[in-house]
Amino acid sequence: MSSDTLDPALIPEGRTVVGSEPFRFRCHPGVSCYMACCRRLALYLYPYDVLRLKNCLGMPSSRFMREHIRLAPGSHPYFPAVMLNMLANEEQTCPFLTATGCSVYASRPSACRTYPLERAVEKTGQGGQLRAHYFLTHHPYCQGHFEEHHYTLRQWEREQALHDCNQMNDLWAEMDAFFATNPWQGEGVAGPRQQLAFMVCYNIDDFRGYVVQHDLLRRNRLDKARRRRIERDDAELLKFGFSWLLAELGRSAPLALR
């Protein structure tokens, strides 16, 4: 979950490590800064965020990407990140913010769901497992830190329904770490293999069409129950896409085909 003995050099500036001790925070309409954090955001989205938002809005992923997303430099030069476009108004508000709050609250992005915490993962050595760390932010405008309410990490994860998001984001962290090895075989930026990877990660509806077109579920040795889950559930399709993409790009032995 988290570590109280994290190397201080790894702690982001202006953050403190959240460990076993409870942290103080509560956000509600009664605090003076309510919804202030929904303005002037540099909000990065992960693949699972895009998937949930486009489903919440009832639009194809290609349309969601076209209307709400811009590309940005990622954590390394070999694969871009995606960011949510703010509205072009004076306050640069989140496009999903209404007068009463977040219109996509049940499907809000991981960064919003986790706030005032930030979550980072590291790999514990070659072939090791991912290890998660939480950091507490200290934005001066946020009055939620002064509320008389305390959470443990476990309570916060449960209340914010973070389990599925964290699981999917850990899978994405593995993918992004692999992309950082520049597996594109010298094809350069936006070459065909990188475009394929971007489709798998961020355009789940087009990838579903690709799976059908190339008969990937039949050609891979998947049991019937998993095939059905993939056919019905975008999150299961994304998991399959990550695994298939790793094999396609050569990180592991290719999936058995028939």
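Only a predicted model underlies this, so the values are computations on that prediction, with no experimental measurement involved. (Residues numbered from 1 in each chain as written. Predicted model: local features only at pLDDT ≥ 70, side-chain atom pairs only at ≥ 80, totals over all residues. Heavy atoms only, no water.)

A look at the overall build of the chain
Here comes step 1: Looking only at helices and strands, the chain features ten helices and ten strands.
Here comes step 2: Across the 258 residues of the chain, 41% fall into the buried class.
Here comes step 3: Restricting to contacts in the chain with at least 6 residues of sequence separation, those with at least 24 account for 67%.
Here comes step 4: A total of about 14,100 Å² of accessible surface is found on the chain, and carbon and sulfur atoms cover 51% of it. (Helix = DSSP H or I, 4+ residues; strand = E, 2+ residues; numbered from the N terminus. Buried < 20%, exposed > 50% of the residue type's maximum accessible area, 1.4 Å probe, protein only. Contact = heavy atoms within 4.5 Å. Areas by Shrake-Rupley, 256 points an atom, 1.4 Å probe, with all protein chains shown as cover.)

A short note on unusual backbone geometry
Here comes step 1: Residue Pro116 follows Tyr115 across a cis peptide bond; omega there is 15°.
Here comes step 2: Examined against the element boundaries, Pro116 turns out to sit in the loop between α3 (110–114) and β8 (117–123).
Here comes step 3: At Gln92, a residue that is not glycine, the phi angle is positive and equals roughly 50°.
Here comes step 4: Relative accessible area serves as the criterion here: at 38%, Gln92 is assigned to the partly exposed category.
Here comes step 5: One non-glycine residue with positive phi stands out, namely Ala190, at about 60°.
Here comes step 6: Its location among the elements puts Ala190 in the loop between α5 (163–179) and α6 (192–202).

Quick look at the nonpolar core
Here comes step 1: Within the largest apolar cluster, 48 residues are counted, with the highest numbers of intra-cluster contacts made by Leu45, Phe64, Phe179, Phe207, Phe240 and Leu245.
Here comes step 2: Among the secondary structure elements, those contributing two or more residues to this core are α1 (47–57), α2 (61–68), β5 (81–84), α5, α6, α7 (204–213), α8 (216–219) and α10 (234–248).
Here comes step 3: Ranked by residue count, the leading element in this core is α10, at eight residues.
Here comes step 4: Excluding residues that lie within four positions of it along the chain, Phe179 makes contacts with His76, Tyr78, Phe79, Trp172, Trp184, Ala197, Cys201, Leu245 and Leu249. (Core = buried A, V, L, I, M, F, W, Y, C linked by side-chain atoms within 4.5 Å.)

Notes on the sheet that holds strand β3 (residues 44–45)
Here comes step 1: Spatially, β3-β5-β4 is the arrangement adopted by the three strands of the open sheet, whose pairing is antiparallel. Each of the sheet's edge strands pairs with one partner strand only, and the pair in question is β3 and β4 (69–72).
Here comes step 2: Bridging between β3 and β5 involves two bridges; their strand directions are antiparallel. For Tyr44, the partnering residue across the bridge sits in β5 and is Met83.
Here comes step 3: α2 rests against β3, β4 and β5 of the sheet, and its axis sits at about 70° to β4. (Pairing = 2+ DSSP bridges. Axes fitted to C-alpha atoms, helices over the stretch in contact; angles between N-to-C directions.)

Side note on the packing of helix α9 (residues 224–232) against α10
Here comes step 1: Taken N-terminus to C-terminus, the directions of α9 and α10 make an angle of 115°; their axes are 5 Å apart at the nearest point. With respect to each other, α9 and α10 are oriented roughly perpendicular. Once α9 is placed against α10, the crossing between them reads as left-handed. Listed contacts from α10 to Arg226, Arg229, Ile230 and Arg232 of α9 are Asp234, Glu236, Leu237 and Phe240.
Here comes step 2: Of the residues in the contact of α9 with α10, the class split is three nonpolar, no polar and five charged. (Parallel < 35°, antiparallel > 145°, perpendicular 65-115°, else oblique. Left-handed = near helix turned anticlockwise from the far one by under 90°. Nonpolar A, V, L, I, M, F, W, Y, C, P; charged D, E, K, R; others polar.)

So, the packing of aromatic side chains
Here comes step 1: Counted under the stated rule, the structure contains 19 aromatic pairs.
Here comes step 2: Note on Trp172 and Phe242: the rings are 6.4 Å apart at their centroids and 35° apart in plane angle, and the pair reads as tilted. Of this pair, Trp172 sits in helix α5 while Phe242 sits in helix α10, and the two are 70 residues apart along the sequence. There is no split in this pair, since Trp172 and Phe242 are both buried.
Here comes step 3: Each member of the aromatic cluster is reached from another via a ring pair, and the members are Phe79, Trp172, Phe178, Phe179, Trp184, Phe198, Tyr202 and Phe242.
Here comes step 4: The ring centre of Tyr105 lies 3.8 Å from the NZ or CZ of Arg108, which sits over that ring. (Phe/Tyr/Trp six-rings, centres within 6.5 Å; stacked < 30°, edge-to-face > 60°. Lys NZ or Arg CZ within 6 Å of the ring centre and 35° of its normal.)

What about the environment of Arg227?
Here comes step 1: By secondary structure assignment, the location of Arg227 is in helix α9.
Here comes step 2: The class for Arg227 is partly exposed, based on a relative accessible area of 24%.
Here comes step 3: Spatially, the C-alpha atom of Arg227 lies 9.2 Å from that of Leu237, the residues being ten residues apart in sequence.
Here comes step 4: Once residues within four sequence positions are removed from consideration, Arg227 is found in contact with Leu217 and Leu222.

Re the pattern of salt bridges
Here comes step 1: Per the stated rule, a full pass over the model turns up twelve salt bridges.
Here comes step 2: A salt bridge links Glu67 to Arg63, with the shortest nitrogen-to-oxygen separation between them at 2.9 Å. Within this pair, Glu67 and its partner Arg63 are both found in helix α2, separated by four residues, close to a single helical turn.
Here comes step 3: When its relative accessible area of 36% is taken as the criterion, Arg63 is described as partly exposed.
Here comes step 4: The closest approach of N and O atoms between Asp215 and Arg218, which form a salt bridge, is 2.4 Å.
Here comes step 5: Here Asp215 falls in the partly exposed class, since its relative accessible area comes to 30%.
Here comes step 6: Owing to a relative accessible area of 43%, Arg218 belongs among the partly exposed residues under this scheme.
Here comes step 7: Among the charged side chains, a network of salt bridges with common partners joins Lys54, Asp205, Arg208 and Asp234. (Salt bridge = Lys/Arg side-chain N within 4 Å of Asp/Glu carboxyl O.)

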